[in-house]
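Understanding the architecture of this molecule
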Amino acid sequence: KKYIYILFFKIFIKKPIFILSTSLQEKKFNKNVLGLNYRYENFKNYFFYNYDPSLEINNKKNILLYLGRLHPKKGIENLIYSLSILKKNYALNLELFIVGKGDKKYEVKLKELVTLLQLNENINFKGQLEFEEKNNLIKLSKFLILPSYSENFGLVVLESLMNSTPVIVSNFTPWKIIKWKSAGYMTDIQPVKIAETINKAFLINNEKYKQMSLNAKKVSKYYDINNNIHKFETIIKKFYA
């Protein structure tokens, strides 16, 4: 699709082409696929910060939330294996909610794995949720988790942070700020490492968790589009002024 768009611009628009990426990883991928004949810019996925305190849920549950597309690159099977490890080795009792849709064959394999590992009581596939239901589930969850093999600068992390829910992300995501600002945890993608990180996250005391939740909300404010739109305007002027 990108090749088609680029060809269209070359033939009909005849303007300089620059390609936006939401992370350095995505920028590198685009360069490798599309070649070095274009200008590449990094511009994160900013969003409209619209925190609504009326939806606040103060009583967090022992819920770990995966929210996103069901696809092999998301590493959800490693997350499922990690829950089996948690149950056997750490005796940590929590629920994993998997929210989203995507690759049907992959979803079937995930559900078969859950049954094989006897985790049906611990893992709940919720499918696609409407905005308010999704928002309330984020607030109810103790952590959001993305154990991806690769990831761009996804909005789902911002949604979670905005709602005061810290996140656990893999080292292959562009969310180093989570670690720097103590708004969650980063983890390797092996099931054992994911299990260790989840166990550590769910065992922190209430005071530390409250502070982490406050940090999460503060981090999300950095990405309010109203405070960052000038960055995009600068890129546009740079190429088209």
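See the structure printed just above.
What comes next is a walk through the structure. (Residues numbered from 1 in each chain as written. Predicted model: local features only at pLDDT ≥ 70, side-chain atom pairs only at ≥ 80, totals over all residues. Heavy atoms only, no water.)

Brief notes about the overall build of the protein chain
Quick note on the threshold: Helix numbers and strand numbers start at the N terminus; a helix is a DSSP run of H or I with at least 4 residues, a strand a run of E with at least 2. In this setup the radius of gyration rests on C-alpha atoms only. A globule is expected at 2.2 Å times the number of residues raised to 0.38. For each residue, the accessible area found with a 1.4 Å probe, counting protein chains only, is set against the maximum for its type, and the residue is called buried under 20%, exposed over 50%, and partly exposed in between. Any two residues whose heavy atoms approach within 4.5 Å at even a single point are treated as in contact. Only the protein chains shown count as cover for residues, and all accessible areas are computed by the Shrake-Rupley method using a 1.4 Å probe.
In terms of helices and strands, the protein chain carries 10 helices and 8 strands. Radius of gyration (C-alpha) of the protein chain: 20 Å, near the 18 Å computed for a compact globule of 241 residues. Principal-axis analysis of the C-alpha atoms gives the protein chain an extent of 60 × 40 × 30 Å. In the protein chain, which comprises 241 residues, the proportion classed as buried is 47%. Contacts spanning at least 24 positions in sequence make up 70% of the contacts within the protein chain whose residues lie at least 6 apart. As presented, the protein chain carries roughly 13600 Å² of accessible surface, and 55% of it is formed by carbon and sulfur atoms.

Description of a nonpolar patch on the surface
This is how the line gets drawn: Patch rule: a residue counts if its relative accessible area is over 30% and it has no salt bridge; like charges are joined within 9 Å, and nonpolar side chains (Val, Leu, Ile, Met, Phe, Trp, Tyr) within 5 Å. In what follows, salt bridge is the name for a side-chain nitrogen of Lys or Arg lying within 4 Å of a carboxyl oxygen of Asp or Glu.
On the surface, Tyr5, Leu7, Phe8, Phe9, Ile11 and Phe12 cluster together into a nonpolar patch covering about 670 Å² of accessible area. The residue Phe12 is located in helix α1 (residues 2-13) in this model. On the basis of relative accessible area, Phe12 is assigned to the exposed category, the value being 60%.

Structural notes on the packing of aromatic side chains
Applied cut-off: Only centres within 6.5 Å qualify two rings of Phe, Tyr or Trp (six-membered ring in Trp) as a pair; their planes then separate them into stacked at under 30 degrees, edge-to-face at over 60, and tilted for everything else. Each ring is checked for a lysine NZ or an arginine CZ that lies within 6 Å of its centre and within 35 degrees of its normal; such an atom marks a charge sitting over the ring.
Within the structure shown, the criterion is met by 4 aromatic pairs. When the ring of Phe143 is compared with that of Phe202, the centres are 5.5 Å apart and the planes differ by 50°; the resulting orientation is tilted. With Phe143 in strand β6 (residues 143-146) and Phe202 in helix α8 (residues 191-202), this residue pair connects regions lying 59 residues apart in the sequence. One aromatic cluster is present, built from ring pairs that chain together Phe143, Tyr185, Phe202 and Tyr209. The ring of Phe97 is capped by Lys126, whose NZ or CZ atom sits 5.2 Å from the centre of that ring. Lying over the aromatic face of Tyr209, Lys142 brings its terminal NZ or CZ to 5.4 Å of the ring centre.

Side note on unusual backbone geometry
Positive phi, close to 55°, is recorded for Gln118, a residue that is not glycine. Tracing the backbone through its elements, the reader meets Gln118 in the loop between α4 (104-116) and β5 (123-127). One non-glycine residue, Ser164, adopts positive backbone phi at about 65°. With respect to the helices and strands, the residue Ser164 is situated in the loop between α6 (155-162) and β7 (167-170).

Remarks on the layout of surface pockets
Put simply, the rule reads: The pocket and cavity definitions rest on a 1 Å grid over protein atoms only: a 1.4 Å probe that fits but cannot leave marks a cavity, an open set with protein on both sides within 12 Å along at least five of seven lines marks a pocket, and residues lining either have an atom within 4 Å of a point. Grid points are joined across faces, edges and corners, and a volume is the space filled by probe spheres set on the points. Each residue gets one label: Ala, Val, Leu, Ile, Met, Phe, Trp, Tyr, Cys and Pro are nonpolar, Asp, Glu, Lys and Arg are charged, and the others, such as Gly, are polar.
In this structure, the largest pocket encloses a volume near 420 Å³. Broken down by secondary-structure element, the contributors of at least two residues to the lining of the largest pocket are β3 (63-67) and α6. Ranked by residues supplied to the lining of the largest pocket, first place goes to α6 with 3 residues. Per-class residue counts for the lining of the largest pocket are 7 nonpolar, 5 polar and 6 charged.

So, empty space enclosed by the protein
Counted under the stated rule, the structure contains 1 cavity of 30 Å³ or more. Approximately 40 Å³ is the volume found for the largest cavity. Lining the largest cavity, in full, are Leu83, Leu86, Lys87, Leu92, Asn93, Leu94, Leu119 and Asn122. Its residues placed into classes, the lining of the largest cavity shows 5 nonpolar, 2 polar and 1 charged.

Points about the nonpolar core
In plain terms, the rule: Only buried residues count toward a nonpolar core, which is a set of Ala, Val, Leu, Ile, Met, Phe, Trp, Tyr and Cys residues joined through side-chain atoms within 4.5 Å.
Within the largest apolar cluster, 57 residues are counted, with the highest numbers of intra-cluster contacts made by Leu64, Leu79, Leu83, Phe143, Leu161, Trp175 and Ile198. Element by element, the count of residues in this core is highest for helix α3 (residues 76-90), at 6 residues. Ignoring anything within four residues of it in the chain, the contact list for Phe143 reads Ile63, Leu64, Leu65, Thr165, Pro166, Val167, Ile168, Tyr185, Ala201, Phe202, Tyr209 and Met212.

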